[in-house]
There are 2 protein chains.
Amino acid sequence: MEQTKDYLSSHGIRPSAQRMAIMDYLLSHKTHPTVEEIYTALLPLLPTLSKTTLYNTLKLFSDKKVALMLNIDEHTTRFDGDVKPHAHFQCQVCGRVYDIFQEELPELVSLYKQQIGKLLISSVEISYKGVCEMCKNKKD
Amino acid sequence: MEQTKDYLSSHGIRPSAQRMAIMDYLLSHKTHPTVEEIYTALLPLLPTLSKTTLYNTLKLFSDKKVALMLNIDEHTTRFDGDVKPHAHFQCQVCGRVYDIFQEELPELVSLYKQQIGKLLISSVEISYKGVCEMCKNKKD
DNA sequence: TTCATTTTTGTAATCATTTTAAATAATTCA
DNA sequence: TGAATTATTTAAAATGATTACAAAAATGAA
Ligand SMILES: [Mn+2]
Ligand SMILES: [Mn+2]
Ligand SMILES: [Zn+2]
Ligand SMILES: [Zn+2]
């Protein structure tokens, strides 16, 4: 938790109790949670936590590059404390979001970083959809 | 318009007046429109058109692979009548969505098509964000 | 035409997110 | 220290996109 404090500080984020709890949650849950999921999980720890704080904080984290805001899910935004370049896969049966760390991806990302034609690039999101192993097996 | 009828039919979609008008709109407006934009544009042509029909139809088009449902915009879903593999770029200043047809992209897409590890892939969406040329120049 | 099926429509409901303004906490510096 | 300023959090209300639902209209086969 002391690490989290330093991590936030070093990224220009004042480490309030709420912010540390939210960052901790993101760093320890690689499930690409929704706002609702984070809220439900943190309520026991921070009984007065409001959704507005959650939204504000996640926006701040995204601006300061300590979290990714994922648009892979058509219903709701998901968040990721892992900011290393990687792609995602969402299972259309169970909704789970999986990480995809492939060698070619960072390459592709850096390849296009900064500019494509006259467009100034600042970020990229690569999202796959399909059926995960668990759900595939269930069908048999 | 006769072409549109055949296009829909050949993809197993019954070509109603509404469906043809919506498909025509998507094919002739490569702007990645929102539901709202499509609705406003078509209302003069189809005065009784309902939003529900629009949502149903766009979902159907997406299922039948004659349109893409894009999640690049965090506020609203956008649609694309161009189903050839390509990536998108959204300007964070003006909100416009641009097409990116790069040689490497179809490669990457086909590379990962079908499977990554044990995940069964059915589609991929590649989304860049940044500032477009127009907005970049305005700032100077 | 008759009956069944498909499609469209309008309304209401839902749900994620944003707005707003007040309350609380932290920081500054006289 | 302690009053003033600034930053953060909170709760409630508003917004906006999407979905659910049930009735009406259109289509198509028998
Ligand atoms: Mn991830
Ligand atoms: Mn496109
Ligand atoms: Zn699954
Ligand atoms: Zn722009």
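These remarks concern the structure in this document.

**Here we look at the coordination of the zinc ion (ligand 3)**
Residues and elements named next belong to chain A.
Reasoning step 1: Looking at the zinc ion (ligand 3), one finds its protein donor set to be Cys 91 (SG), Cys 94 (SG), Cys 132 (SG) and Cys 135 (SG), positioned 2.3 to 2.4 Å from the metal centre.
Reasoning step 2: Each of the four donor atoms bound to the zinc ion (ligand 3) contributes to angles spanning 105 to 116°, and the resulting shape is tetrahedral.
Reasoning step 3: Going along the chain, you hit the donors of the zinc ion (ligand 3) in the pattern C-x2-C-x37-C-x2-C.
Reasoning step 4: Cys 91 gets classed as buried once you look at its relative accessible area, which sits at 1%.

**Some thoughts on the interface of chain A and chain B**
Reasoning step 1: In this assembly, 32 residues from chain A lie in contact with 32 residues from chain B.
Reasoning step 2: Both faces considered, chain A and chain B share a buried interface measuring about 2900 Å² in area, 58% of it formed by carbon and sulfur atoms.
Reasoning step 3: Across the chain A-chain B interface, the total number found is one salt bridge.
Reasoning step 4: Mapped by element, the contributors of at least two residues to the side of chain A that touches chain B are β4 (97–100), α5 (104–112), β6 (119–131) and α6 (133–138) of chain A.
Reasoning step 5: Ranked by residues supplied to the side of chain A that touches chain B, first place goes to β6(A) with 13 residues.

**Side note on the nonpolar core**
Reasoning step 1: Within the largest apolar cluster, 22 residues are counted, with the highest numbers of intra-cluster contacts made by A:Phe89, A:Ile100, A:Tyr128, B:Phe89, B:Ile100 and B:Tyr128.
Reasoning step 2: Elements with a minimum of two residues in this core: β3 (87–91) and β6 of chain A together with β3 (87–91) and β6 (119–131) of chain B.

**Looking at the protein's contact with DNA strand C**
Reasoning step 1: With respect to spatial proximity, 16 residues lie near DNA strand C, and among them A:Tyr55, A:Thr77, B:Ser16, B:Gln18 and B:Thr48 are the closest.
Reasoning step 2: Across the atoms of DNA strand C situated within 4 Å of the protein, the share located in sugar and phosphate is 77%.
Reasoning step 3: A distance of 2.8 Å separates a phosphate oxygen of DNA strand C from a polar atom in the side chain of A:Tyr55.
Reasoning step 4: Separating a base oxygen of DNA strand C from a side-chain N or O atom of B:Thr52 is a distance of 3.0 Å.
Reasoning step 5: Of all the elements in the fold, those that place two or more residues in the surface near DNA strand C are α4 (51–63) of chain A together with α2 (17–28) and α4 (51–63) of chain B.
Reasoning step 6: Residue composition of the surface near DNA strand C, by class: two nonpolar, eleven polar and three charged.

**Thoughts on the pairing of strand β4 (residues 97–100) of chain B**
Residues and elements named next belong to chain B.
Reasoning step 1: As judged from the four bridges shared by β3 and β4, these two strands associate in the antiparallel manner. Directly across from His 88, in β4, lies its bridge partner Asp 99.
Reasoning step 2: What sits between β3 and β4 in their antiparallel hairpin is a turn of five residues, with Gly 95 showing a positive phi close to 85°.

Rules used in this analysis
Residues numbered from 1 in each chain as written. Chains lettered and ligands numbered in written order. Predicted model: local features only at pLDDT ≥ 70, side-chain atom pairs only at ≥ 80, totals over all residues. Heavy atoms only, no water. Donors = N, O, S within 2.8 Å, 3.2 Å for Na, K, Ca; no water. Tetrahedral: all angles 85-135°; square planar, octahedral: opposite > 155°, others 65-115°. Buried < 20%, exposed > 50% of the residue type's maximum accessible area, 1.4 Å probe, protein only. Contact = heavy atoms within 4.5 Å. Buried area = accessible area lost by both parts, 1.4 Å probe. Salt bridge = Lys/Arg side-chain N within 4 Å of Asp/Glu carboxyl O. Helix = DSSP H or I, 4+ residues; strand = E, 2+ residues; numbered from the N terminus. Core = buried A, V, L, I, M, F, W, Y, C linked by side-chain atoms within 4.5 Å. Near = heavy atom within 4 Å. Polar contact = N/O pair within 3.5 Å; in protein donor to acceptor, adjacent residues only side chain to side chain. Nonpolar A, V, L, I, M, F, W, Y, C, P; charged D, E, K, R; others polar. Pairing = 2+ DSSP bridges.

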